[in-house]
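# Structural description and commentary
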Amino acid sequence: MSSIRVAVRIRPLPDMPSPSKSNIQKHGCVSTLLDDETFLQVSSGGSETTGSDADEQKYDYVFPPASSQSNLYENTAKRVVLASRDYSRDGTIFFYGQTGAGKSYSCFGDILKAGNAATDENGVVVRGIRELFEEEGVQRSVSFYEIFKERVYDLLATTKASKNVGAKIPSLNVRTHPTKGSWIEGAAEINVDSADACIDAVRKGFKQRAIGSTAMNEQSSRSHGVVRLKNVRKTKGKTPIVTYLTFVDLAGSERQTDAKTTGERLKEASSINKSLSTLGSVIFALGKPGNDREHVPFRDSKLTLLLRNSLDPATCETCVVVNVSPCPKQYFETTSTLKFARRVKMIKGTAGGKFDAGPNPEVADLVKEIGRLKMELTNKNAEEANTTTTVEKDLQIRQYARRVEQLASSTDETFNRYRAKAMEDNYIAKLHNATIKNLLLKLQNNLNQDPSEDDLATLCEEIDILRRKTELPNPEIGYWRMKYEESVSDNNEVKSLRAVNENLVKEKQLLQQQAETQQALVAKNQAASASNETATAREAERQIKSLQDNVESLENKLDGTTKANQTLSDNNAQLKSHLNAATIQAAKIEHEMSQASISSLHDKKDLEDTKAQVTKYLATIKMGKELVAKLKHDHEEEMSQLQTELFQQSEELVRSKDESDNDLKVKLAAAFKDNAVLVQRLKSITEERDSTRSQLEEAVTTIESLEADLSSARKDVETEMMEREAGHKKRTNELEAENARAYERADKWERIAEENTSKVQTLTQEVKRLNKKRSDDAFELENLQEDMDTMTSNVKFLQGENQELEEIISRLENMQGLDAGMSDPLEQQREFEEEEEEEEEEEETNPEDLLMEQRARQVLEEATLNLPPSPPPMETSVYEDAMPDENVIPDENIESGGSASSPPSASKQFSPVVERRQTRRSVLGALPDNE
Ligand SMILES: Nc1ncnc2c1ncn2[C@@H]1O[C@H](COP(=O)(O)OP(=O)(O)OP(=O)(O)O)[C@@H](O)[C@H]1O
């Protein structure tokens, strides 16, 4: 299982439909399962269908859009924070994803809005800080950096320039040290003594953080934001333990094309992409076991260089929160983000186990110190770190810590109770002794008198009490004896545990030494990459030294055991002295009792009784003595048993030491072997390097000669090129001149063509107009013809009338000749004139005739005046343009029309009425005058 936890958080979208009630939950282009919080499927097939490209994956946790900030914290960051707080491991949390996917929201939440209040929207940083500060007595400081275009800016700096975001804030340098790790030179580390002060500092940095806009998100942060909390745990007389808890809000991982980035933004985007891909490569390289671990490209980006000591999954609790958008439009972004997540998920770390230090501060400190040393050791040389042994040790330490805790409380309690009881017993015993003493004195002083019954009864009672006190089956004595023994053994255990602790301290020192040695080794190894065999030999020497140190530490352990042994022997001696004191006390009592028996000799009977009593008491005392002897014997037996056990234990320890020695020997042999392999490898590498170098030199010579050839060839080519260029230029000039001429000609032809076209258009229009006119004229001519026909018929009619008139005239003349003098000529003229007027009236009242006449006259005039001359001869193309036109009258018509429309002769211009009038006048004129 990967030691880097990878969680995916899907951000909510404003108008996303709520997921269905079925087990599979669709959110845009991603789907989750109701009953499996590790499943995630991404598909381009919209919100209702699953595309053929559906891709299913499992992560450590998948947060659907509706999941809360607290859920995110509890299932991701909390573990990291606790690892840093309780186990002295470094912890790092990354927020990765495309712009707008919710990285800053997950990381900082409502830090600007909420002040220091605990709200549902609080981000991981705020929640983590609160949890971290639950542990008191740790010195903490906070820093906040921004990495923008591979430059590091301090967001907590108090200089004026830094307040002006976007202005020239001085960028800072990342410094590294093989043992001290990485740090930013000149950056502010704000000491914080409470969660609120820490949150305030982070808020200040967050405000400072430069934000910019891209086409995808107006408030997009294009920089990495790094919040670092440094924890220093100090214990008197010990090296302080320093750990880091880091939150990294990475810059948006959008693809450059989608972000519509250009120019300066494109540069920013490529810098972001470079640092993100370096981060991936570093994590990937660190995830490999020590043997396979090649070069870790920390130096390829400022971010990885800064986090150098807080990235190794073996020593650092790491979590990556991958933020994705479910928007189907961002399907490609989402898949590429998840690709990164999968890559990280594949990393197999070699993380050490976790342990519970318990509340004992000394043990907890030791545990933390060991954790730190273990971290350093693993960091410096993963090969050397024997994970199984470390885990076992951790377990052992945990057990010891628990036991110490239990004993610390139970031992104190037992001792106190025992002491109180003992004091009480002592006091009571003293009282009894005093009573017995008084009685015996009384008896001695009154040897000649019979002892009173009361005195004897009191003496017997007191002796009885004492007897009971020393009686074997007395449960109280047994109980307190047991307690005493327990406490003694507990005491011993405490002592042995103390010894173990001391050993652990020694082991810690040893590990520290080893770490330092290994660090030095690593530094040496790094420095001497070209290396030679002596370096390897030195390394081997150092390894041997470190192993010797190991042996030394085990010897120290043995010393500790011997000391524990000594303590046990001391205890034994103490017990013995207690026993002696008890025996002396018993002898004293015996002596007193014998004195008491002597003093009662005066009364024989009573004396005998007393004697019997005393004998009885003596028997009791004897029994007590026996009991004490038995106890002594038992105790001695137990002591010898204890000694045997102790001996066995020490033997065990010696054996384990031997085993360790053997182990060390094996290790030493393995180290030698490894050393030999390394030397061999170094040799082969050196050989390879030499051969590569000679090949390289050859290649350099070849390249140099090739370069010489190339430069001469280049010169030739350049000369030729110049000549060609000159020729080319000349030809170009000629061609250009020709081209200009051609353009001129073309322009001219174009102009002519345009003129011709306009002429043709004019002519065509003219032709059209003429054709129309011709057709109109033809129509008019037709009408005229019709009029002419009418007139001709009129003329004919008038001629006929004329003839009639002539006939009438001739008849009248005849009649005149016949009727001369018969009629008055004046009368005749009057009649004639009247007749004529009537006719005229008649004619005038016939408007049709008049109109006809007028029209005929007009038409004739127009025909005479407007008849056009025959059209000029045209070019074929003109006719082609003009033709066909239905209204155009064929040429032959025009010609025939010409004759038809030729002006009519003057003789044809007459009116039948005028003619008739003239005829009449002439007729009348011919008539004889009235005179
Ligand atoms: N899980 C969520 N719940 C509610 N709002 C969210 C969630 N995730 C993101 N948002 C909102 O979406 C917007 C964009 O989110 P945020 O700024 O965190 O994106 P980002 O990935 O940090 O973008 P950038 O790379 O540009 O900094 C914010 O207004 C934020 O409040």
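A brief structural summary. The residue numbering used here restarts from 1 in each chain and proceeds along that chain's sequence as written. Local features in a predicted model are, by the rule used here, given only for residues with pLDDT of at least 70; side-chain atom pairs are given and counted only at 80 or more, and totals for whole chains, interfaces and linings are based on all residues. To obtain the side-chain values, all non-hydrogen atoms of the structure were used and water was disregarded.

### Section: the overall build of the protein chain
Helix and strand counts for the protein chain come out as 19 helices and 15 strands. Here the protein chain holds 931 residues, and 37% of them are scored as buried. Looking at the protein chain alone, contacts between residues at least 24 apart form 72% of all its contacts between residues at least 6 apart. Put simply, DSSP marks the helices as runs of H or I at least four residues long and the strands as runs of E at least two long, and each gets a number from the N terminus on. Under the scheme applied here, a residue whose accessible area is under 20% of the maximum for its type counts as buried, over 50% as exposed, and between as partly exposed, the area being computed with a 1.4 Å probe on protein chains only. Between two residues, a contact is recorded if the distance between any of their heavy atoms is within 4.5 Å.

### Structural notes on a nonpolar patch on the surface
Residues enter patches when they are more than 30% accessible in relative terms and free of salt bridges; like-charged ones are connected within 9 Å and nonpolar ones (Val, Leu, Ile, Met, Phe, Trp, Tyr) within 5 Å. Accessible areas in this description were obtained via Shrake-Rupley with a 1.4 Å probe; residue shielding takes into account the shown protein chains only. By definition, a salt bridge exists where a carboxyl oxygen of Asp or Glu is found within 4 Å of a side-chain nitrogen of Lys or Arg. A cluster of nonpolar side chains, contributed by I808, L812 and M815, occupies part of the molecular surface with about 250 Å² of accessible area. One can find I808 in helix α14 (residues 604-819). Relative accessible area serves as the criterion here: at 33%, I808 is assigned to the partly exposed category.

### A look at the packing of helix α3 (residues 124-132) against helix α5 (residues 195-208)
In this analysis, axes come from line fits to C-alpha atoms, helices being fitted only over the stretch in contact, and the angle between any two N-to-C directions falls in the range 0 to 180 degrees. Remark: α3 packs on α5, axes separated minimally by 9 Å, with the N-to-C direction vectors making an angle of 155 degrees. Accordingly, the angle class assigned to the pair α3 and α5 is roughly antiparallel. In this structure, the crossing between α3 and α5 has a hand that is right-handed. Touching V125, V126, I129 and R130 of α3 are A195, C198, I199 and V202, all from α5. Residue composition of the contact of α3 with α5, by class: seven nonpolar, no polar and one charged. Between 65 and 115 degrees an angle is taken as roughly perpendicular, under 35 as roughly parallel, over 145 as roughly antiparallel, and anywhere else as oblique. Put simply, a crossing is left-handed when the front helix is turned counterclockwise from the back one by less than a right angle, and right-handed when it is turned clockwise. When residues are sorted by character, Ala, Val, Leu, Ile, Met, Phe, Trp, Tyr, Cys and Pro go into the nonpolar class, Asp, Glu, Lys and Arg into the charged class, and all the rest, Gly among them, into the polar class.

### Topic: a negative patch on the surface
In this tally Asp and Glu are treated as negative and Lys and Arg as positive; neither His nor the chain ends contributes. We put the charge of a Lys on NZ, of an Arg on CZ, of an Asp on CG and of a Glu on CD. A cluster of acidic residues, E831, E833, E834, E835, E837 and E838, forms a negative patch at the surface. With respect to the secondary-structure elements, E838 resides in helix α15 (residues 825-844). For E838, a relative accessible area of 53% translates into the label exposed.

### Describing unusual backbone geometry
Look at K149: it is not a glycine, yet its phi comes out positive at around 45 degrees. Classification of K149 by relative accessible area gives partly exposed; the value is 32%. Phi is positive for E150, close to 60 degrees, though the residue is something other than glycine. You can call E150 partly exposed: its relative accessible area is 23%.

### Some points on the packing of helix α1 (residues 69-86) against α3
Taken N-terminus to C-terminus, the directions of α1 and α3 make an angle of 45 degrees; their axes are 9 Å apart at the nearest point. Classified by the angle between their axes, α1 and α3 sit oblique to one another. In this structure, the crossing between α1 and α3 has a hand that is right-handed. In this structure, α1 uses Q69, S70, L72, Y73, A77, K78, V81, L82, S84 and R85 to contact α3, whose residues at the interface are V124, R127, G128, E131 and L132. Partitioned by chemical class, the residues of the contact of α1 with α3 number seven nonpolar, four polar and four charged.

### Thoughts on the pairing of strand β3 (residues 30-33)
Of the pairings in the sheet, the one linking strand β2 (residues 24-27) to β3 comprises four bridges and is antiparallel in character. Looking at β3, one finds that K26 is bridged to S31. Here β2 hands over to β3 after two residues, with G28 in that stretch at a positive phi of 60 degrees. The rule for pairing is simple: two strands pair if DSSP sees at least two bridges between them. Bridge analysis of β3 against strand β4 (residues 36-42) gives three bridges, and the strand direction is antiparallel. Bridge pairing in β4 places S31 opposite Q41. Connecting β3 to the antiparallel partner β4 that follows it, the hairpin turn spans two residues.

### Points about the packing of aromatic side chains
Note on aromatic pairs: each is described by the distance of the centres and the angle between the planes. Two aromatic rings, drawn from Phe, Tyr or Trp (for Trp, its six-membered ring), form a pair once their centres lie within 6.5 Å of each other, and the interplanar angle then sorts them: stacked below 30 degrees, edge-to-face above 60, tilted otherwise. Within the structure shown, the criterion is met by five aromatic pairs. A ring pair is formed by F108 and F144, whose centres lie 5.8 Å apart and whose planes are at 20 degrees; its orientation type is stacked. In this pair, F108 sits in helix α2 (residues 103-108) while F144 sits in strand β8 (residues 139-148), placing the two residues 36 residues apart along the sequence. Taking the relative accessible area as the measure of exposure, F144 reaches 0% and is therefore buried. Both rings, one in Y331 and one in F332, keep their centres 5.1 Å apart while their planes meet at 70 degrees; by these two values the pair is edge-to-face. Two conditions define a charge located above a ring, namely a distance within 6 Å from the ring centre to NZ of Lys or CZ of Arg, and an angle within 35 degrees of the ring normal. Over the ring of F133 we find R140; its NZ or CZ atom is 4.9 Å from the centre of that ring. Lying across the ring of Y244, R228 places its NZ or CZ 4.4 Å from the centre.

### What about the environment of N116?
Inspection of the secondary structure assignment puts N116 in the loop between α2 and α3. Taking the C-alpha atoms as reference, N116 lies 6.3 Å from D196; in sequence the two are 80 residues apart. Once residues lying within four places of it in the same chain are set aside, the contact partners of N116 are R130, D196, I199, D200 and R203. Pairing of N or O atoms within 3.5 Å defines a polar contact, subject to two protein rules: one partner must be a possible hydrogen donor and the other a possible acceptor, and residues neighboring in sequence count only if both atoms are side-chain atoms. Within the structure, N116 has its side chain in polar contact with the side chain of D200 (distance 3.3 Å).

### Focus: the side chain of E135
As for its placement among the helices and strands, E135 is situated in the loop between α3 and β8. A polar contact of 2.9 Å, which involves the side chain of E135, links it to the side chain of R233.

### Thoughts on the pattern of salt bridges
Inspection of the entire model under this criterion finds 17 salt bridges. One salt bridge connects E734 with R731, and the closest N-O pair in it is separated by 3.2 Å. Separated by three residues within a single helix, E734 and R731 lie in helix α14, roughly one turn from each other. Judged by relative accessible area, which is 39%, E734 ranks as partly exposed. Given the relative accessible area of 43%, R731 is considered partly exposed. What you see here is one network of salt bridges that share partners, running through E74, K78 and E131.

### Brief notes about α3
Here α3 lies mainly inside the structure; eight of its nine residues are buried. Along α3, the positions that sit buried rather than exposed are V124, V125, V126, R127, G128, I129, E131 and L132.

### Observations concerning the environment of E37
Structurally, E37 can be placed in strand β4. You can call E37 partly exposed: its relative accessible area is 45%. Aside from chain neighbours lying at most four places away, what touches E37 is Y61 and V62. Side-chain polar atoms of E37 contact the side chain of Y61, separated by 3.2 Å.

### Re the environment of R203
Locating R203 in the fold gives a position in helix α5. Judged by its relative accessible area of 11%, R203 is buried. R203 sits 88 residues away from G115 along the chain, and the two C-alpha atoms are 8.5 Å apart. With near-sequence residues (within four places) excluded, R203 lies in contact with I111, L112, G115 and N116. Here G115 takes part through its backbone oxygen, which lies 2.6 Å from a polar atom of the side chain of R203.

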